[in-house]
Amino acid sequence: MLHWMLKRSTFALRSARRLPVAAVLVGSLLFAASAWAENKPSPIPNMFAPVSTPAEQEFTMSMFVLGITLGILVVVGGSWAYVVAKYRSTDSSDVEPPQIYGSPQVELAWTIVPVVIVVVLFLTTARMIFSIQDHPRPKNALDITVVGHQFWWEYRYPQYGVVVANEMHVPMSTPGQVRPTFMKLQSADVWHSFWVPQLAGKVDNIPDHINDMWIDPHVPGVYVGQCGQFCGVEHAMMLIRVYVDTPDQFQRWITNQQQPGVEQPGAGQNTPQQVIRQQGGVVPTALELPANRSGAGSGASAGGGDQTGAGSAGQPMNQVVAGKQVFLQNACINCHAVQGTNANGRFGPNLTHFGSRDTLGSGIVVNNVDNLKAWIRNPSDLKEGALMPPMQLDETQLEQVSLYLTSLK
Amino acid sequence: MADASLPIGSLDLTPEALAEGTFREYLHGWVTTVDHKRLGILYVLYALFFLVVGGAEAMIIRVQLMYPDNHFVSPEVYNRMFTMHGTTMVFLMGMPLLFGFANYLVPLMIGARDMAFPRLNALSFWLTAFGGILLYYSFIGGFGLYGQGSAPDVGWFEYAPLTTRTYSQGHAVDFWALSLFVTGWGTLGAAINIITTTISMRCKGMTMMRIPLFCWLLLCTSALTLVAITPLTAAQVMLELDRYLGAHFFDTQAGGSALIWAHFFWIFGHPEVYILVLPAFGVANEIIPVFSRKPAFGYTAMVAASVGIVFISLGVWAHHMFTVGMTSAANAFFTLSTMIIAVPTGIKVFNWIATMWGGKLRFATPMLFAATFVVHFLLSGLTGIMLSASPWDWQLHNSYFVIAHFHYVLVGAIVFSMLAGIYYWFPKVTGRLMDEKLGKWHFWLFLIGFHLTFDFLHVPGILGMPRWVYTYEASRGWASWNMIASVGGFIQFLASGIFVWNLLYSGLHGAEAGPDPWDAWTLEWATSSPPPEYNFAVEPVVASRRPLWDLKHPSDTDTQYE
């Protein structure tokens, strides 16, 4: 059959040359596949580029199943192609071919062979299911409670008393320093599903049912994913960003997040962006966190409005202070919390360290003053089904509250 | 060609009485008909109408996804489009089409003069039709008293608690639940009718092991329908109780369970796939032997495999729920039960290939579609095995890989097979052959479009593209795959236009078909085309699975081999 296929193929090569040609073809395909799927942070959430044990095991599983199904395809599809090519007939005479009604032996054979394949496949799969799903939790594991909301994500770190939104930070886990992250998945409203293909397969966030999953990413960087279960108008824009930090970076980050949210002196300017926007998407520039974030906690004590150095009589800081008043005196606090202030709303994302995030609106745009103003003016301009209403602020207030929020490093 | 003087059915070639009376009387005749053939035609026309409607919705989806960050339609409209596309294609296209085939063909094939319950048959059709009208009325009626909602927009599985009044105000969900509740009753009536007809209306000599495989598969489908539609109907009632009478079945805010809805839906939803695909098997089982000039290989094994599929398919529903957090043991169980389905379906694929093996294959349009159906079904079965391996399914679930997989089943296998059936039986229904040249254009364009769309859609699934998204960012790398898929979609739409033109053109101007244009062997070809109202002038008596083969080859009848 293979012989026939090669004979008919356009590569009219002599048999001696076929093997190397095939080897080159397969080799280049493999090369292309590996270049396509590098195991490192990527803006493309490719499940064939795993960086965490569950995703790696799922990748192994997929290659095994692909191999078996490819074999079946070659045999059965090949027979089909052979039959269709060999027995097509333009003979219009009344002569009928031999009438074959069946053959118990043949039918028994092609019942038993699939049964054997199914047994092999099942046993392999079952091993993989138990190995991923029933993985024991080491004592030093990081716990995160992931709560799905229409249409954003809330991450709670119960061991640290930290609540953040939309950008999850986890420590890297290496053979030398094993620290997996175990997540409890919940939902505040409807059915969602947490899916970051490079880290693990998806698990659903269901309102009446708490689920578990775990990851142990080996390569630091930002990994993207999104909600995997239809949850309403903006299901498509419920994006996930997971920051895999080195243990030191993670420690600095979580320490900073534990501080109350205090506005930054001099942070009022439209600071240079920490991420670049490319072709409509957010592309992380570096694997590390931006350097200016690490020291953010230290400036927190400077509550006064008079120490912004450069000229114009502390104008930016005044704007920030005014913005804080706008934030606290409007309906913002009904839904949003900023730890250390009176704002303790729970319905919307926690904004305590909002300025330390790269994106806003659940990962849809870069977090900067302009985008934030546009968002607060009318969230539906950026994200049509967002549940946050337009805040009816005037332009000055918009500017002020945006400066205040982005200063919450 | 069967001789008109032969005993089976005693071919009645009396020309049809010319239509008399006014147009109103003609129309009245169609509306009040209880003739299984006319109802079959109505079902098929109804299904083809909704095929065009659902196809147009798919085109809107494909235009929207052609480019990243596209704003061809708003998110709300997009969500309505995919919800209505799914619901339409399953409930208003797929099931009516299969019941249309069953209505027209089962009585003819088993030598009966009508269905067992002709009036129930008419009731079933009109209930189905009313359900479809009700569903589409939502586009204009949804703004009703409550001022919100229009066509259903929460996906065709309507997962709780998105369907509660908290999250779905207005009547969109009610239109979905109530219209499918109505079509559900029509479906149940049709299923009961087909089961009864097959069991009790067979002509003399037509034992259960002699009925054409198409009839066996329709019997299996109907039995499965009875079991599968009921939980959906029950769940829809519960949903409406939740929404209007304060029951809390699925309302998680009041202690209800979202998971229970998913179980109810999928214990309907998975058998539903087999309800749709079994008739497609049946059509292929009729066409492949005739165009290979050989009997179906392994009739008994085919029957056993079909019945096996019915039973196994009732125990696999939770493979749609591998990601809901079942225990590892439950995941393993449903992995196994799902993989086992590969055995009977494998037998079918092997038997089709074996039927063609050593035959004289004539590639007229019906056979082109039927032969392609086999390889498409094989491919969709293989991606099905990939999805059944639950660790990989945790990645693939609800991604575009799944979209590609089930469209391979629904379009590549079912639609291809049903199109084969339409080309094959059109001459019986209208007395005219469909145009071969247009048919081949339709086939090749549709094939190319199909492969462009659904082969390439597997890739964005691997690259992490979830379903139901109205747009995506360019940086995700899904754009070129979606562009190819959209172009393929437009080609399919164009091909379908050729098909509709062929139907109209050939219906009016096609070549005269005669009673048996394909030199076939089952009883429907023993009567005139189109058949008279009473089907057969005398009740046929058969002695084998291929009564017309016996007639045409008196010296070498099938009877001696059964």
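Undergrad: Tell me about the overall build of chain B, and please be specific about residues and values.
TA: A tally of helices and strands in chain B yields 17 helices and 0 strands. Since a compact globule built from 562 residues should have a radius of gyration of about 24 Å, the 24 Å found for chain B is in line with a globular shape. Expressed along its principal axes, the backbone C-alpha trace of chain B runs to roughly 70 × 55 × 40 Å. Going through the 562 residues of chain B one by one, you find that 66% of them count as buried. Taking the intrachain contacts of chain B between residues at least 6 apart in sequence as the baseline, contacts between residues at least 24 apart amount to 82%. For chain B, the accessible surface area stands at approximately 18,200 Å², while carbon and sulfur atoms represent 71% of it.

Undergrad: An account of the overall build of chain A is requested, with residue identities and associated values reported.
TA: Of the regular secondary structure elements, chain A holds 10 helices and 14 strands. The buried share of chain A, reckoned over its 409 residues, is 50%. Contacts in chain A between residues at least 24 apart in sequence constitute 64% of all its contacts with a sequence separation of at least 6.

Undergrad: Please set out the interface of chain B and chain A residue by residue, giving values where relevant.
TA: Taken together, the contacts link 102 residues of chain B with 92 residues of chain A. For the pairing of chain B and chain A, the buried interface totals around 8,100 Å² over both sides, and the portion due to carbon and sulfur atoms is 68%. When the area that chain B buries against chain A is broken down by residue, the three leading residues are B:Lys360, B:Gln395 and B:Arg476, summing to 10%. Along the contact surface separating chain B from chain A lie 1 salt bridge.

Undergrad: So what about the sheet that holds strand 9 (residues 221–226) of chain A? Which residues, and what values?
TA: Residue and element names in this part refer to chain A. Strand order in the open sheet formed by 3 strands is 4-10-9, and the pairing between neighbours is mixed. The open sheet has two free edges, formed respectively by strand 4 (167–171) and strand 9, since each of these has just one partner strand. Taken over all neighbouring pairs, the strand axes of this sheet differ in orientation by 25° on average, direction set aside. Two strands pair when backbone bridges link them, and strand 4 and strand 10 (residues 239–245) are joined in this way by 5 bridges, in the parallel orientation.

Undergrad: Residues and numbers for the sheet that holds strand 2 (residues 152–157) of chain A, please.
TA: Residue and element names in this part refer to chain A. Taken together, 5 strands build an open sheet; the order of strands is 3-2-1-5-8 and the sheet is mixed. Each edge of the open sheet is held by one strand with a lone partner, namely strand 3 (162–165) and strand 8 (211–215). Direction aside, neighbouring strands of the sheet carry axes that sit 25° apart on average. Relative to strand 8, strand 5 (residues 181–187) is paired through 5 bridges, and the arrangement is antiparallel. Paired with Thr 181 across the two strands is Ile 215, which belongs to strand 8. Packed onto the sheet, helix 5 (residues 247–258) meets strand 1 (142–149), strand 2 and strand 3 and runs at close to 100° relative to strand 3.

Undergrad: Before we move on, could you go through the packing of helix 7 (residues 258–292) of chain B against helix 10 (residues 342–356) of chain B and cite the residues and values that matter?
TA: Residues and elements named next belong to chain B. The interhelical angle for the contact between helix 7 and helix 10, taken along N-to-C directions, is 20°, at an axis separation of 9 Å. Considering the angle they form, helix 7 stands roughly parallel to helix 10. Remark: the crossing between helix 7 and helix 10 carries left-handed chirality. Contact residues: helix 7 offers Phe 281, Ala 284, Asn 285, Ile 288, Pro 289 and Ser 292, while helix 10 offers Lys 348, Trp 352, Thr 355 and Met 356.

Undergrad: Please set out unusual backbone geometry residue by residue, giving values where relevant.
TA: Going from A:Gln150 to A:Phe151, the amide bond is cis rather than trans, its omega being 0°. Its location among the elements puts A:Phe151 in the loop between strand 1 and strand 2. The amide bond that connects B:Ala160 to the next residue, B:Pro161, takes the cis arrangement and shows omega of -5°. Structurally, the position occupied by B:Pro161 is in the loop between helix 4 (118–141) and helix 5 (172–200). Despite not being glycine, A:Gln392 shows a phi value in the positive range, around 55°.

Undergrad: I'd like to hear about the confidence of the model for chain A, residue by residue, with values.
TA: Residues and elements named next belong to chain A. Per-residue confidence for chain A gives a mean pLDDT of 83, with 78% of residues at or over 70. Scored below 50 in pLDDT, residues 1–17 makes 11 contacts in the model with residues more than four places away or belonging to other chains. Throughout residues 267–313 the model reports pLDDT below 50, and contacts reaching past four residues in sequence, or to other chains, amount to 79 contacts.

Undergrad: Tell me what's going on with the pattern of salt bridges, and back it up with residues and numbers.
TA: Considering all chains together, one arrives at 15 salt bridges over all chains under this definition. The salt bridge involving B:Lys552 is made with B:Asp519; its shortest N-O contact spans 2.8 Å. Note that B:Lys552 is positioned in helix 17 (residues 547–552) and B:Asp519 in the loop between helix 16 (479–509) and helix 17, a separation of 33 residues in sequence. A single network of salt bridges, built from pairs that share partners, joins A:Glu96, B:Arg293, B:Asp516, B:Asp519 and B:Lys552.

Undergrad: Can you lay out helix 7 of chain B for me, pointing to particular residues and giving the numbers?
TA: Residues and elements named next belong to chain B. With 35 residues, helix 7 ought to run about 51 Å at 1.5 Å a step, and its terminal C-alpha atoms sit 50 Å apart, in line with that. Considering bend angle alone, the principal kink of helix 7 is centred on Trp 266 and spans about 25°. Counting buried positions along helix 7 yields 30 of 35 residues, so the element is predominantly enclosed. The N-terminus of helix 7 is capped by Ser 257, whose side-chain oxygen sits 3.2 Å from the backbone nitrogen of Leu 259. Where helix 7 terminates, the next one or two residues include Arg 293, which has phi positive at roughly 60°.

Undergrad: Before we move on, can you summarise the confidence of the model for chain B with the specific residues and values?
TA: All names here are of chain B. Of the residues in chain B, 95% have a pLDDT of 70 or more, and the chain-wide mean is 92. A low-confidence stretch, residues 1–5 (pLDDT under 50), is modelled with 6 contacts involving residues beyond four sequence positions or located in other chains. As scored by the predictor, the complex reaches a pTM of 0.89 and an ipTM of 0.92.

Undergrad: So what's going on with the environment of B:Pro391? Which residues, and what values?
TA: Assignment of secondary structure puts B:Pro391 in helix 12 (residues 390–396). Judged by relative accessible area, which is 0%, B:Pro391 ranks as buried. Each C-alpha atom, one on B:Pro391 and one on B:Thr323, is 9.5 Å from the other, the two residues being 68 residues apart in sequence. Discounting residues that sit within four places of it in the chain, B:Pro391 has contacts with A:Glu58, A:Met61, A:Thr125, A:Met128, A:Ile129 and A:Ile132.

Undergrad: Can you explain a nonpolar patch on the surface? Please cite residues and give values.
TA: Residues and elements named next belong to chain A. Taken together, Phe 64, Leu 108, Ile 112, Val 116 and Val 120 make up a surface patch of nonpolar side chains, about 420 Å² in accessible area. The element best represented in the nonpolar patch is helix 4 (residues 104–133), accounting for 4 residues. With respect to the helices and strands, Val 120 occurs in helix 4.

About the cut-offs
- Residue positions are given per chain, counted from 1 along the sequence in the order it is written.
- By the order in which they are written, chains take letters starting at A while ligands take numbers starting at 1.
- Per-residue local features of the predicted model are confined to residues with pLDDT of at least 70, and side-chain atom pairs are confined, for both listing and counting, to 80 or more; whole-chain, interface and lining totals are unaffected and use all residues.
- Only hydrogens and water are set aside when side-chain values are computed; all heavy atoms of the structure are taken into account.
- What counts as a helix is a DSSP run of H or I of at least four residues, what counts as a strand is a run of E of at least two, and both are numbered from the N terminus.
- In this description the radius of gyration comes from C-alpha coordinates, and the expected globular size is given by 2.2 Å times residues to the power 0.38.
- Classification of residues uses two cut-offs on accessible area relative to the type maximum, computed with a 1.4 Å probe and protein chains only: under 20% is buried, over 50% is exposed, and between them is partly exposed.
- A contact between two residues is defined here by any heavy atoms of the two lying within 4.5 Å.
- Areas reported as accessible are Shrake-Rupley estimates using a 1.4 Å probe. Residue values count occlusion only from the protein chains shown.
- The buried area of a pairing is the accessible area, by a 1.4 Å probe, that goes missing from both parts when the two are put together, added over both.
- Basic side-chain nitrogens of Lys or Arg form a salt bridge, by our definition, when they fall within 4 Å of a carboxyl oxygen of Asp or Glu.
- A pair of strands is labelled paired if DSSP reports no fewer than 2 bridges between them.
- Interaxial angles span 0 to 180 degrees and are taken between N-to-C directions of axes, which are lines fitted to C-alpha atoms, for helices over the stretch in contact.
- Roughly parallel refers to an angle under 35 degrees, roughly antiparallel to one over 145, roughly perpendicular to one between 65 and 115, and oblique to any angle outside these ranges.
- Crossings are assigned a handedness: left-handed for a near helix turned anticlockwise from the far helix by less than a right angle, right-handed for a clockwise turn.
- For every residue, the predictor states its confidence as a pLDDT score lying anywhere from 0 to 100.
- A helix is expected to span 1.5 Å for every residue after the first.
- Note that bend, as reported per residue, equals the angle between axes fitted to the 7 residues terminating at that residue and the 7 residues originating from it.
- Pairing of N or O atoms within 3.5 Å defines a polar contact, subject to two protein rules: one partner must be a possible hydrogen donor and the other a possible acceptor, and residues neighboring in sequence count only if both atoms are side-chain atoms.
- Patch membership needs two things, relative accessible area over 30% and no salt bridge, and members are linked within 9 Å if like-charged or within 5 Å if nonpolar (Val, Leu, Ile, Met, Phe, Trp, Tyr).

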